[in-house]
Every structure is written in C-alpha cells, then in structure tokens.
Amino acid sequence: MTNFPQKAIDEFLKIKIEKGLIFTEEQFKAMSVRINPQTGDIDEVDNPVDTVIRLCETYGYKDFAESAVDAMQKASERTELLEKIQILTEQNIIDKEPPVCCAPYTSLNFDSTGNVNVCCYNRQHVLGRYPERTIREMWNSTERKDLIKALSKLDFTKGCELCYKGILTLNKNILIKKFNIGRAHINNDMPTNMDFEFGTICNYECIMCGGKWSSSIRKNREKLPPLTASYDEAFVEQLKEFIPHLLTANFLGGEPFLTPLYYKIWDCMAELNPQLQILITSNGSIFNKRIENLFTRLPNMRILLSIDSLTETTYNFIRKNGNFASVSQTIDKLIQMNRLHSLLFCPMIQNIYETHKIVDFCYKNKLTLYINTVYGPLGSKIKGIHENGKSPYVWNGQTMEKITHTNDVLIPEFCLDTLPIEKLEKILEYLDCLLFYPDPYKTSIEGLINVVKGFISKPTSARPGQV
C-alpha cells in the first residue's frame, strides 16, 4: 500500500486471521487503488483507513472495520516511534541500551500536593501521596513497577505523553536525557536522584506560571487561599535512609531559598552526603550569607538560574515583581564563586527573538543551557486571567476550585504554537542562524527548531486559538 508501513499491513493481516476474515493479501492491496473512470488508469489515491473500511464492507466484514483500522493505526504509530527513537539514539539523546528512560528506575519527585511521581513531567501516574504513604512504600510500590513495565514496552500512556511528543518532534532537549546519569544504577534498591518540588512560596508572578508553583500568583492572580503544606519534619527523618545513596538532588519551587523545610533537608545532606551533586532552580532574587554558608558546607551545590531574558524590559514583563538589576548582580556573584551551573530558558512569543543573547551568554561563561518547551500556563488557562482562557477553575491540590476574580489586564498569549504558520516559519529562519554555536548549544537550538517544526506540522484542528 502506498506510503503505509509494512508493519501496519502485517498487523491487519494478523487481525484478519484472528477474526476469520476470508480474503487474500492481494485483494487487500488491490483495495488501495482505484480505477480512473475517464482514463482507465490505476490511481493510488486511497488512504489506508479508507482502504480497510472499503475492503471490510466489500467482503461483508463491516463490524471488524473499526478494530482493524485501530490496529493498523497503532502499528503505524509504533513504527514512527521506533524510527524517531533510532534517530535520537544516533544523536546520543536517547541511550542505545534499554530502558528508554531511567526515571522510574532511579528517581522520585515530590510535588506540592504531596503526590510522588518519578519525574516532573509525569503528574498522572502517582506512586502515592505523603503522608498517607511513606517514602519507602512509594519506592517499593506496584505503581512504580507498572510504569517500568509499560516503558519497557515503549508504552508512554502512563503519564509519559510529553516525552512521547518530544520523541516524535525529535526534541533534543527531551527530559529523558536528564535521567541517563543514573543508568549504571538502575538495578539498585535505592533511588539515585530526588527532585523536591514542594516549595510553593515565591515572590514572582511569571506570566507562564500558576498558583500551584507560586504563592504570589495564587494570592494575587487567582485569589485563592494558600496551599496546605503536606511535608513536615517527619518527612525529613524518612529521607535520612535515602540521602547517603543519592547521586543528584534537585530543588525547585516556588523559590527554593524561601522554603524553610528545604534548609532542614540541606542540613541533613551536608551531614550524610556532603559531596552530593545538588542543583537549585532559583529565580536569583535571593542571595545572602546563609546561602554562602550552604555553599561552604555543600561544595557541589550549584544554581540553575531560571531567567527568560537578559533584556530588562522583557525580563520585567515576563517575570512580574522581578528586579533585573538585582538579579544581574546575583549572576555576577555566582559566576565569581563558580556556583552558577546553568540557565533555564522558556522560549515564548515575548522573548523568542532574544534566544541568541541567552545562548551567547551561556557560551561565553561556559554554562549549561536548558530550554523548556512551553505548551501553556502551568495549571491551565483560566477564564478572566488568560486571553482565550477556557476555564474559570484551577486545581487547588485536591479538587477544582472556581476562580471568581477577573483581572483588569489579561495575560496575553505567550505560547509559540498559537502563532500563525508564517510567523513560526520566520522564527525557524532566525533560529537557523544560531546553528554556528558548537555543541552542546547547537544541540539545544536544534531541539528548539524541531519543537517549532512540530508546531507547524500540527493539524489545523489541533492548533490553539491563533494570535
């Protein structure tokens, strides 16, 4: 059949045998063509779905058409997935050895609701909730084992859809790459990485963020009460069993340096595993003697600075309440102390044409660059807050809570995939001009290029409201 993987045809023929359908492979392939009534020529114009439906109707198997088409479509999607994995493997983004992702083998992520997952992208497949279950119970849970089993079959449906999408768009910044550091330890009985993401106290109200991650947004933008803290000192006590075995630990917020319980965890790490590689994602607004003392006690603690512009006007627009001049001074201090590890950049409509400034700064200061794909406001669009908002409800940690507040000024669209195709094509032209940078920056830019290409190829029906 024209432009359809043989694997998909094989799958349908397998279904044919299982269902007892009686027709030959030649008859099946013949249904993929039509005779032009005017010229008598054969036109290979049918798509596979039409072919299967027509074949089943012709031979009296109409009831099986839907299941046959579904089986073929899944086989076709798997063929595409395997092809894209092979490409990313050749580019050293995905490891050539299984598993495709090491996160469920090596990592735990603690979020602000008390839910525990294996990574920050997978919020759906929950291992348990603290304090209802202990850390040990969640690490040994059937939920974690189920996720391992699913990914071993390249089944991304247990909450791993974002990385599935990243593979299909050949996103070289895909999160899977982060967890390769623990690949040598996938058979251990202990996690080697922990992500702490339960600090919701934040002094910023960034346009792409939501109240689950920023107490200021929750109070001022969403007009909701503070989230109830799930974690306590008993949690810190439970961590002591695991801390000596960790290779890496990541702290996010909120603003981590405003989260009191994080300081207790850092004290334990300084005592039990002082050489631990610690990365703190900070907005750079907090820097004091207490932090300098932490640097002394934890020599491998570094800062991942979340910053979406090095231009004051753009920075202050995206990062409401931020002070660009103050953050710039913090950046200088961190570089002098060799404590600035990397920059985190979220490309959006407002800053995409400043990508070169971020890349150049990282290149000149030998910093790692992380690029996050922005698919929408964290949480969801909210009516009365975001342009084209779809819902007046927001997740409060346990249920959907109605927002009654309406802002005087709506937050504008910022997601690149809301742009018309001609504007996305212009962005591609701009990004192509940045490919002269050496790796790893070139790889990061190529990943962003592939994301934009994915937005362009998205069917019109699947595209958000355009601006």
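The following refers to the structure shown. It should be emphasised that the depicted structure is a prediction, and the values quoted were computed from it without experimental measurement. (Residues numbered from 1 in each chain as written. Predicted model: local features only at pLDDT ≥ 70, side-chain atom pairs only at ≥ 80, totals over all residues. Heavy atoms only, no water.)

1. Topic: the overall build of the chain
Basically, it comes down to this: By definition, any uninterrupted DSSP run of H or I lasting at least four residues is a helix, any uninterrupted run of E lasting at least two residues is a strand, and each is numbered from the N terminus. Each residue is assigned to one of three classes by its accessible area relative to the maximum for its type, calculated with a 1.4 Å probe on protein chains only: buried under 20%, partly exposed between the two thresholds, exposed over 50%. Whether two residues are in contact is decided by their heavy atoms, any of which lying within 4.5 Å being enough. Each accessible area value is a Shrake-Rupley result obtained with a 1.4 Å probe; residue values ignore everything except the protein chains displayed when judging cover.
The helix and strand tally for the chain stands at 17 helices and 15 strands. Counting across all 467 residues of the chain, residues that qualify as buried make up 51%. Considering only contacts in the chain between residues 6 or more positions apart, those separated by 24 or more positions represent 68%. For the chain, the accessible area works out to roughly 22,100 Å², and carbon and sulfur atoms hold 51% of it.

2. Re the environment of Met301
Mapped onto the elements, Met301 comes out in strand S10 (residues 301-306). On a C-alpha basis, the gap between Met301 and Leu340 in space is 9.4 Å, while along the polypeptide they are 39 residues apart.

3. So, helix H12 (residues 289-297)
Where we set the bar: What the arc describes is the spread of directions from the helix axis to the C-beta atoms. Distance and chemistry together define a polar contact, namely a pair of N or O atoms within 3.5 Å, with one atom able to donate a hydrogen and the other to accept it when in protein, and with adjacent residues in sequence counting only for side-chain atoms on both sides.
Listed in full, the buried residues belonging to H12 are Ile291, Leu294 and Phe295. The buried residues of H12 occupy an angular sector of 100° when the element is viewed end-on, so they sit on one face. Pointing more than 90 degrees away from the buried face of H12 are the exposed residues Lys289, Arg290 and Thr296. The inward-facing, buried residues of H12 abut helix H11 (260-272), S10 and helix H14 (324-336). One side-chain oxygen at the N-terminal end of H12 lies 3.2 Å from the backbone nitrogen of Arg290; it belongs to Asn288.

4. So, the nonpolar core
Put simply, the test is: Among buried residues, the Ala, Val, Leu, Ile, Met, Phe, Trp, Tyr and Cys ones that are joined through side-chain atoms within 4.5 Å form a nonpolar core.
Counting 118 residues, the largest nonpolar core has Phe110, Phe196, Phe235, Phe251, Ile265, Trp266 and Met269 as the members making the most contacts within it. Beyond its immediate stretch of four places on either side in the chain, Phe110 contacts Asn115, Val116, Ile135, Met194, Asp195, Phe196, Glu197, Phe198, Tyr231 and Phe235.

5. Looking at empty space enclosed by the protein
Defined as follows: Here the term cavity refers to a set of points on a 1 Å grid, laid over the protein atoms alone, in which a 1.4 Å probe fits but cannot get out; the term pocket refers to an open set having protein on both sides within 12 Å along at least five of seven lines, with lining residues being those that place an atom within 4 Å of a point. Grid points are joined across faces, edges and corners, and a volume is the space filled by probe spheres set on the points. For this scheme, ten residues count as nonpolar: Ala, Val, Leu, Ile, Met, Phe, Trp, Tyr, Cys and Pro. Four count as charged, namely Asp, Glu, Lys and Arg, and the remainder, Gly too, count as polar.
A full pass over the atoms with the stated rule returns six cavities of 30 Å³ or more. Of the pockets and cavities examined, the largest cavity occupies roughly 130 Å³. Taken together, 17 residues form the lining of the largest cavity, with Cys101, Cys119, Cys160, Cys163 and Ile176 sitting closest to its centre. In terms of residues, the lining of the largest cavity owes the most to one element, helix H8 (residues 161-168), which gives three residues. Among the residues forming the lining of the largest cavity, the class breakdown is 14 nonpolar, two polar and one charged. In this structure, the second largest cavity spans a volume of roughly 70 Å³. Tyr121, Leu162, Cys163, Gly166, Asn171, Asn173, Ile174, Leu175, Thr373 and Tyr375 are the residues that line the second largest cavity.

6. Some remarks on the pattern of salt bridges
To keep things clear, this is the line we draw: Whenever Lys or Arg places a side-chain nitrogen within 4 Å of a carboxyl oxygen from Asp or Glu, that contact is recorded as a salt bridge.
Summed over the entire model, instances satisfying the criterion amount to 16 salt bridges. A salt bridge links Asp189 to Arg136, with the nearest nitrogen and oxygen atoms 3.9 Å apart. One end of the pair, Asp189, is in the loop between H8 and strand S6 (193-197); the other, Arg136, is in helix H6 (residues 135-139), with 53 residues separating them in the sequence. Here Asp189 falls in the exposed class, since its relative accessible area comes to 53%. A salt bridge links Arg136 to Glu241, with the nearest nitrogen and oxygen atoms 2.8 Å apart. Within this pair, whereas Arg136 is found in helix H6, its partner Glu241 is found in the loop between helix H10 (233-239) and strand S8 (248-251), the two being separated by 105 residues in sequence.

7. Describing the sheet that holds S6
We count it as follows: At least two bridges found by DSSP between two strands is the condition for calling them paired.
The strand order across the open sheet built from nine strands is S5-S4-S3-S6-S8-S9-S10-S12-S13, with neighbouring strands paired in mixed fashion. Both edges of this open sheet fall to strand S5 (128-129) and strand S13 (368-371), since each of them pairs with a single strand only. Here strand S3 (residues 107-111) pairs with strand S4 (residues 115-117) via two bridges, running antiparallel. Counted as the bridge partner of Phe110 is Val116 from S4.

8. Observations regarding a negative patch on the surface
Stated precisely, the cut-off is as follows: Every patch collects residues that have over 30% relative accessible area and no salt bridge, joining them within 9 Å if they carry like charges and within 5 Å if they are nonpolar side chains (Val, Leu, Ile, Met, Phe, Trp, Tyr). Charge assignment: positive for Lys and Arg, negative for Asp and Glu; neither His nor the chain ends contribute. The atom standing in for a charge is NZ when the residue is Lys, CZ when it is Arg, CG when it is Asp and CD when it is Glu.
Together, Glu422, Glu425, Glu429 and Asp432 line one region of the surface with negative charge. Residue placement: Glu429 occurs in helix H16 (residues 421-432). Glu429 gets classed as partly exposed once you look at its relative accessible area, which sits at 46%.

9. Re the pairing of strand S12 (residues 340-345)
Counted residue by residue, S12 has five buried out of six residues, so it is predominantly covered. Relative to S12, S10 runs parallel, the two being bridged by four bridges. Directly across from Leu305, in S12, lies its bridge partner Leu343. Both S12 and S13 contribute to a ladder of four bridges, which runs parallel.

10. Remarks on the state of the cysteines
Put simply, the test is: The rule for a disulfide is simple: a pair of cysteine sulfur atoms within 2.5 Å.
Here the structure, examined in full by the defined rule, presents zero disulfides. This cysteine, Cys160, is not joined by any disulfide, and Cys119 carries the nearest cysteine sulfur, 6.4 Å off. Assessed through its relative accessible area of 12%, Cys160 is described here as buried. Unpaired in terms of disulfides, Cys346 finds its nearest cysteine sulfur in Cys206, a separation of 8.6 Å. On the basis of relative accessible area, Cys346 is assigned to the buried category, the value being 8%.

11. Quick word on the pairing of S8
A two-sided burial pattern is seen for S8, the buried positions comprising Thr248 and Asn250 on one face and Ala249 and Phe251 on the other. The sheet contact formed by S6 and S8 spans four bridges and is parallel. Looking across to S8, one finds that Phe196 is bridged to Phe251. Relative to strand S9 (residues 277-282), S8 runs parallel, the two sharing four bridges.

Function cannot be inferred from these measures alone, as they are strictly geometric.
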